[in-house]
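One letter stands for each residue in the lines below.
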There are 2 protein chains.
Amino acid sequence: MAEPVLILVRPQMGENIGAAARAMWNFGLSRMRVVGPRDGWPNERAVALASGAGRVLDAAGVFDTVAAAIADCDMVLATTARPRGLTKEIVSPERAGEIARAFGAEGKRVGILFGPERAGLENAEIVQADAIVSVPVNPDFPSLNLAQCVLLIAYEWQRAGGAVEPSVMEMAGTDFAGAAEIAALGDHYEGRLDEAGFFFPDSKAPGMKMTLRNMWSRLPLTRADVQTFHGILRQMVRWKDRG
Amino acid sequence: MAEPVLILVRPQMGENIGAAARAMWNFGLSRMRVVGPRDGWPNERAVALASGAGRVLDAAGVFDTVAAAIADCDMVLATTARPRGLTKEIVSPERAGEIARAFGAEGKRVGILFGPERAGLENAEIVQADAIVSVPVNPDFPSLNLAQCVLLIAYEWQRAGGAVEPSVMEMAGTDFAGAAEIAALGDHYEGRLDEAGFFFPDSKAPGMKMTLRNMWSRLPLTRADVQTFHGILRQMVRWKDRG
């Protein structure tokens, strides 16, 4: 699985370079390239801001031009807030993640270009890309910064990895109560509540009991929950018995 | 379409509050609430950083406690990097976006909790949520900051604007109990069970109470279920009182 290369073009603030490194490493991406960084390289502010993600900066390659930075890439995507009349396929961040995964699985290198903070990529740079990635931001406030844009792309790359949803794993590991335990809980409550006069008037008792049984079986009760509910009822009965 | 409410709990740096406002507005979200902001409210640094997204701060509600901030919410999600041994459903940011859309389409209010910068949400706060949202970050570098976490949730809300799974719609159509109703149910049981001597020994009482609170908020209780549980407890007390 080849990782995509994230290419920062003419980045200005070291802080933003550092934040981009962090955003990449948050989702397991470590291959950065930098084209013509305004303040030279290495950049102290970038290193300071990258803290735990310094390895990304240490391994970054520095290039003079976009052409040089993408020369060994099999597929190039250019991120831009506003496609500017260039006839080129526009893909979502989600699709970009899928493309990066699919090419990576074939051992191919995907390069993803990010423009400088204010101006963005120039048309002459965008035309070198196979497709444009556009984040569907609020048209009234399309102000994503560099590190945020990197974060969303890295997030989508991670998401396209097809990792099993944590919720599924977690739920699969939960110790849910079996049907017999639920039935026993239903018996316990029905019996005690009958003694306590809960099912009143008599004419409504069958429906009330059905509703209660249904509730116990519908709720996703764990074994521990079932013990808690038994314990609550037993304690209330003890309280009564103590008078 | 009701918008979800993003709730910042005890945020520290004004910069981060401002950046969170920007991240929300980037994806068209404007409803923020703040619980116990460290530096008071309004916060000048937040306003300065929010530039263009100041409207989000202007309209933000300020609350003393998480319970007060979520009282009118029909569904509550808690973002946390590391679920801490609480049995509660864990959903992905994508799923959180779908839930917020589906409930919003029914005119229901979804509250999403974000903890303070370093410490994150406390367990006593997490247990008040219906489910946990966990961003699947690099386990070697799980360092998302507040505004980044807000950005990803807002992005997923935006992305979920398309079709939403019918199963989620169905869930949103159920008359689930709101956070205030769940809190009141928790109060009722905790109070009566305390009188009944359920929380024994004293050293274990806080943990037992937390577990019970977590169970109430985790179970998908309908309004009718909540009434049933109140009724059960009232009846048991009446039974005791009759001697």
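Everything quoted here is computed from the prediction, not taken from an experiment.

Turning to the overall build of chain A, a few remarks are in order. Of regular secondary structure, chain A possesses 11 helices and seven strands. Computed over C-alpha atoms, the radius of gyration of chain A comes to 29 Å, more than 25% over the 18 Å expected from 2.2 N^0.38 for 243 residues, which places it beyond the range of a compact globule. Dimensions of chain A, computed from C-alpha atoms along their principal axes, come out at roughly 85 × 40 × 40 Å. Across chain A, contacts joining residues at least 24 apart in sequence account for 84% of those joining residues at least 6 apart. Accessible surface computed for chain A: about 11200 Å², of which carbon and sulfur atoms make up 52%. Side chains of chain A give 26 positive and 29 negative charges; the mean places of these two sets differ by 4 Å.

Moving on, we come to the pairing of strand 2 (residues 32-35) of chain A. Within a regular strand, the side chains alternate between the two sheet faces. All names here are of chain A. Alternating positions in strand 2 separate into two faces, Met32 and Val34 on one and Arg33 and Val35 on the other, with burial throughout. For the crossover that starts at strand 1 (residues 5-9), traverses helix 1 (residues 14-26) and ends in the parallel strand 2, the hand is right-handed. Relative to strand 3 (residues 61-63), strand 2 is paired through three bridges, and the arrangement is parallel. Bridged to Val34 within strand 3 is Val62.

Now for the pattern of salt bridges. Applying the stated criterion across every chain, the model contains 37 salt bridges over all chains. Between Arg109 of chain A and Asp72 of chain A there is a salt bridge whose closest N-O contact spans 2.5 Å. Pair noted here: Arg109 of chain A is in the loop between helix 5 (93-105) and strand 6 (110-114) and Asp72 of chain A is in the loop between helix 4 (66-69) and strand 4 (75-79), with a separation of 37 residues, a long-range link. Where Asp225 of chain A meets Arg218 of chain B, a salt bridge forms, and the shortest distance between an N and an O atom there is 2.7 Å.

Tallied over the full model, the rule gives 14 aromatic pairs over all chains. Aromatic side chains Trp216 of chain A and Phe229 of chain B sit 5.6 Å apart centroid to centroid with 75° between the ring planes, which places their arrangement in the edge-to-face category. Within this pair, whereas Trp216 of chain A is found in helix 10 (residues 205-218), its partner Phe229 of chain B is found in helix 11 (residues 223-242), the two belonging to separate chains. Judged by its relative accessible area of 1%, Trp216 of chain A is buried. When the ring of Tyr189 of chain B is compared with that of Trp216 of chain B, the centres are 4.8 Å apart and the planes differ by 55°; the resulting orientation is tilted. With Tyr189 of chain B in helix 9 (residues 179-195) and Trp216 of chain B in helix 10 (residues 205-218), this residue pair connects regions lying 27 residues apart in the sequence. Judged on exposure class, the residue Tyr189 of chain B and its partner Trp216 of chain B are both buried.

With that settled, consider the environment of Ala154 of chain A. All names here are of chain A. Mapped onto the fold, Ala154 is located in helix 7 (residues 146-159). The class of Ala154 is buried, set by a relative accessible area of 0%. With near-sequence residues (within four places) excluded, Ala154 lies in contact with Ala23, Met24, Phe27 and Leu29.

At the junction of Trp41 of chain A and Pro42 of chain A, the peptide bond is cis and its omega measures out at -5° in the coordinates. If you trace the backbone, Pro42 of chain A turns up in the loop between strand 2 and helix 2 (44-50). The residue after Phe200 of chain B, namely Pro201 of chain B, is reached through a cis peptide bond having omega -5°. Mapped onto the fold, Pro201 of chain B is located in the loop between helix 9 and helix 10. With phi around 45°, Arg10 of chain A is a residue other than glycine that occupies positive phi space. The residue Arg10 of chain A is located in the loop between strand 1 and helix 1 in this model.

This brings us to the interface of chain A and chain B. How big an interface is tends to be stated in terms of the accessible area lost upon association of its parts. At the junction of the two partners, chain A supplies 58 residues and chain B supplies 59 residues. For the chain A face of the interface with chain B, the top three residues by lost area are Asn26, Phe141 and Trp239 of chain A, together amounting to 14%. Where chain A packs against chain B, one counts five salt bridges. Arg159 of chain B is paired through a salt bridge with Glu94 of chain A; the nearest N and O atoms lie 2.7 Å apart. Joining chain A to chain B, the criterion identifies 20 residue pairs in polar contact (both at pLDDT 80 or more). Of all elements in the fold, only helix 1, helix 5, helix 7, helix 8 (166-173), helix 9 (179-196), helix 10 and helix 11 (223-242) of chain A reach the threshold of two or more residues within the side of chain A that touches chain B. In the side of chain A that touches chain B, the residues fall into 32 nonpolar, 14 polar and 12 charged.

One can find Glu125 of chain A in helix 6 (residues 123-126). Discounting chain neighbours no more than four positions away, the residues touching Glu125 of chain A are Val9, Arg10, Val66 and Leu113 of chain A.

A separate point is the nonpolar core. Formed by 86 residues in total, the largest nonpolar core has its most connected members in Met32, Phe114 and Val150 of chain A together with Met32, Phe114 and Val150 of chain B. Core analysis: the second largest hydrophobic core is formed by 42 residues, Ala205 and Leu221 of chain A together with Leu193 and Phe229 of chain B among them.

One can read the domain layout of chain A as domain 1 (5-160) and domain 2 (179-242). For domain 1 of chain A versus domain 2 of chain A, the distance between C-alpha centres works out to 59 Å.

What counts as what
- Residues numbered from 1 in each chain as written.
- Chains lettered and ligands numbered in written order.
- Predicted model: local features only at pLDDT ≥ 70, side-chain atom pairs only at ≥ 80, totals over all residues.
- Heavy atoms only, no water.
- Helix = DSSP H or I, 4+ residues; strand = E, 2+ residues; numbered from the N terminus.
- Rg over C-alpha atoms; globule rule 2.2 N^0.38 Å.
- Contact = heavy atoms within 4.5 Å.
- Areas by Shrake-Rupley, 256 points an atom, 1.4 Å probe, with all protein chains shown as cover.
- Lys, Arg positive; Asp, Glu negative; His and termini not counted.
- Charge placed at Lys NZ, Arg CZ, Asp CG, Glu CD.
- Buried < 20%, exposed > 50% of the residue type's maximum accessible area, 1.4 Å probe, protein only.
- Right-handed = clockwise from strand over helix to strand, strands pointing away.
- Pairing = 2+ DSSP bridges.
- Salt bridge = Lys/Arg side-chain N within 4 Å of Asp/Glu carboxyl O.
- Phe/Tyr/Trp six-rings, centres within 6.5 Å; stacked < 30°, edge-to-face > 60°.
- Buried area = accessible area lost by both parts, 1.4 Å probe.
- Polar contact = N/O pair within 3.5 Å; in protein donor to acceptor, adjacent residues only side chain to side chain.
- Nonpolar A, V, L, I, M, F, W, Y, C, P; charged D, E, K, R; others polar.
- Core = buried A, V, L, I, M, F, W, Y, C linked by side-chain atoms within 4.5 Å.
- Domains from an automatic or database assignment.

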